Amino acid sequence: MRLDKFVLRSTQLSKPSVISCIESGEVRVNQDVITDARYQVHENNYIEYQGKQLVPRPFRYLMFNKPVDTICSNVDGDYPSILNYLEIENKDELHIAGRLDADTTGLVLITDDGRWSFNIMKPETHCEKTYRVTLAKPLIEGVAQRFSEGLLLQGESKPTLPAKLEHIEVDSTHDSTAELQVLLTISEGRYHQVKRMFFTVGNKVRQLHRENIGNLTVDIPAGTWRYLTIDEVRSLTY
């Protein structure tokens, strides 16, 4: 972790104040004065500010059910940030793991543990994500097989990793889109991957909702959040 982030998580100082106190020589790492805010520190380092040892606050791990027309950003843009929904202290320390497009809904993970989120999202982990997809038209025969073998997306040099496509058995009496809904499970996160996969097979995504990340299933109403349990955090520790 960078020294400035460590001090930020260990005090009530603002980010500009943290940078200032480091550059002015008020912070020591293992008895040495460090004036570079980007200096990398580790759990076993002894870090002091004004002669007192710093102890960072415990990491936080949240599940959020993202509503439509919101963005996975720490600041507002064309749409409001999902962080506006959080009533929580030191919110600026949090970041979003597993971003979704503005028009996509569902499970998002929010944390201040950069190592945890990085390990979940890095391609080598192959953490599975499951999406409920509403399509513009019924699937043609053989699409599931093509997904399982990997697709070469436009502009890509390597095919996608094998993906699992399933039809959803639902009652279409009260849902006119039921017969157009499928579940897609992928283990990577390329740019607009789900939409591009269906475009490659001649279809279009009308609605996209992420239901699962690993063994974690979104189980709260849209626009709400909760802390993950210890077991849930551990289930996504790779």
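Presented here is an overview of the structure given in this document. (Residues numbered from 1 in each chain as written. Predicted model: local features only at pLDDT ≥ 70, side-chain atom pairs only at ≥ 80, totals over all residues. Heavy atoms only, no water.)

## Observations concerning the overall build of the protein chain
As a reminder of what qualifies: A run of H or I in DSSP counts as a helix once it spans at least four residues, and a run of E counts as a strand once it spans at least two, with each numbered from the N terminus. Between buried and exposed lies partly exposed: a residue is buried under 20% and exposed over 50% of the maximum accessible area for its type, with that area taken using a 1.4 Å probe on protein chains only. Residue contacts are defined here by distance: any two heavy atoms, one from each residue, within 4.5 Å place the two residues in contact. Here the Shrake-Rupley method, with its probe set to 1.4 Å, supplies the accessible areas, and only the displayed protein chains count as covering residues. Neither His nor the chain termini are counted; the positive set is Lys and Arg, and the negative set is Asp and Glu. Just so you know, the charge point we use is NZ for Lys, CZ for Arg, CG for Asp and CD for Glu.
Helix and strand content of the protein chain: six helices and 13 strands. Along the first, second and third principal axes, the C-alpha atoms of the protein chain reach 70 × 40 × 35 Å. Counting every position in the protein chain, which comprises 238 residues, the buried fraction comes to 45%. Sequence-distant contacts, at least 24 apart, represent 62% of the contacts inside the protein chain between residues at least 6 apart. As displayed, the protein chain has an accessible area near 13400 Å², and 50% of this comes from carbon and sulfur atoms. When the 28 positive and 33 negative side-chain charges of the protein chain are each reduced to one mean point, those points stand 3 Å apart.

## Things to note about the layout of surface pockets
Counted only if it meets this: Put plainly, a pocket is an open set of points on a 1 Å grid over the protein atoms alone with protein on both sides within 12 Å along at least five of seven lines, a cavity is a set where a 1.4 Å probe fits but cannot get out, and a lining residue has an atom within 4 Å of a point. Grid points are joined across faces, edges and corners, and a volume is the space filled by probe spheres set on the points. Classification used: nonpolar for Ala, Val, Leu, Ile, Met, Phe, Trp, Tyr, Cys and Pro, charged for Asp, Glu, Lys and Arg, polar for all others including Gly.
Of the volumes computed, that of the largest pocket is approximately 760 Å³. Among the elements of the structure, helix H1 (3-10), helix H2 (15-23) and helix H3 (114-121) are those that each provide at least two residues to the lining of the largest pocket. Sort the elements by how many residues they give to the lining of the largest pocket and H1 lands first, with five residues. Its volume calculated, the second largest pocket comes out at about 440 Å³. Along its surface, the second largest pocket is lined by 19 residues, and Arg-99, Tyr-131, Gly-189, Arg-190 and His-192 are the ones closest to its centre. It is helix H5 (residues 193-200) that provides the largest number of residues to the lining of the second largest pocket, a total of three residues. Taken together, the residues of the lining of the second largest pocket break down into seven nonpolar, five polar and seven charged.

## A few points about the environment of Glu-23
Among the secondary structure elements, Glu-23 is positioned in helix H2. When its relative accessible area of 53% is taken as the criterion, Glu-23 is described as exposed. Along the chain, Glu-23 and Tyr-238 lie 215 residues apart, while their C-alpha atoms are 36 Å from each other.

## As for the nonpolar core
Quick note on the threshold: To qualify as a nonpolar core, a set must consist of buried Ala, Val, Leu, Ile, Met, Phe, Trp, Tyr and Cys residues joined through side-chain atoms within 4.5 Å.
Counting residues in hydrophobic clusters, the biggest one holds 31 residues, and the most contacted among them are Ile-110, Val-133, Phe-147, Leu-184 and Phe-198. Listed by contribution, the elements that provide at least two residues to this core are strand E5 (61-66), strand E7 (104-111), strand E8 (129-135), helix H4 (143-149), strand E10 (181-186), H5 and strand E11 (205-213). Not counting residues within four places of it along the chain, the set of residues in contact with Leu-184 comprises Lys-129, Thr-130, Tyr-131, Val-133, Phe-147, Ala-163, Lys-164, Leu-165, Val-194, Met-197 and Phe-198.

## Considerations on empty space enclosed by the protein
One simple way to see leftover space: roll a probe sized like a water molecule over the atoms. Here the structure, examined in full by the defined rule, presents one cavity of 30 Å³ or more. Computed from the structure, the largest cavity encloses a volume of approximately 30 Å³. Every residue lining the largest cavity is listed: Lys-137, Pro-138, Leu-139, Ile-140, Val-143, Val-201, Gly-202 and Asn-203. Looking at the lining of the largest cavity, its residues break down into five nonpolar, two polar and one charged.

## Details of the sheet that holds strand E1 (residues 27-29)
Operational definition: We treat two strands as partners when DSSP finds at least two bridges between them.
Reading across from one edge, E2-E1-E3-E4 is the order of the four strands in this open sheet, with antiparallel pairing throughout. Each end of this open sheet is capped by a strand with a single partner; those strands are strand E2 (32-33) and strand E4 (52-53). Bridge analysis of strand E3 (residues 47-49) against E4 gives two bridges, and the strand direction is antiparallel. Directly across from Glu-48, in E4, lies its bridge partner Gln-53.

## Brief notes about unusual backbone geometry
Of note, the phi angle at His-126 is positive, near 60°, even though the residue is not glycine. For His-126, a relative accessible area of 42% puts it in the partly exposed group.

## Examining the pattern of salt bridges
For the record, the criterion: One speaks of a salt bridge when a side-chain nitrogen belonging to Lys or Arg is within 4 Å of a carboxyl oxygen belonging to Asp or Glu.
In the structure shown here, the tally under the stated rule is 16 salt bridges. Among the ionic pairs, Arg-60 bridges to Asp-112, the shortest N-O distance being 3.1 Å. Residue Arg-60 is located in the loop between E4 and E5, and its partner Asp-112 is located in the loop between E7 and H3; the two are separated by 52 residues in the primary sequence. Both residues of the pair, Arg-60 and Asp-112, belong to the buried class. One salt bridge connects Glu-156 with Arg-196, and the closest N-O pair in it is separated by 3.2 Å. Here Glu-156, found in the loop between H4 and strand E9 (164-167), pairs with Arg-196, found in helix H5; they are 40 residues apart in sequence, far enough to count as distant. Take Glu-156: its relative accessible area is 29%, and that puts it in the partly exposed class. Salt bridges sharing partners connect three or more residues here, namely Arg-9, Arg-57, Arg-60, Glu-93 and Asp-112.

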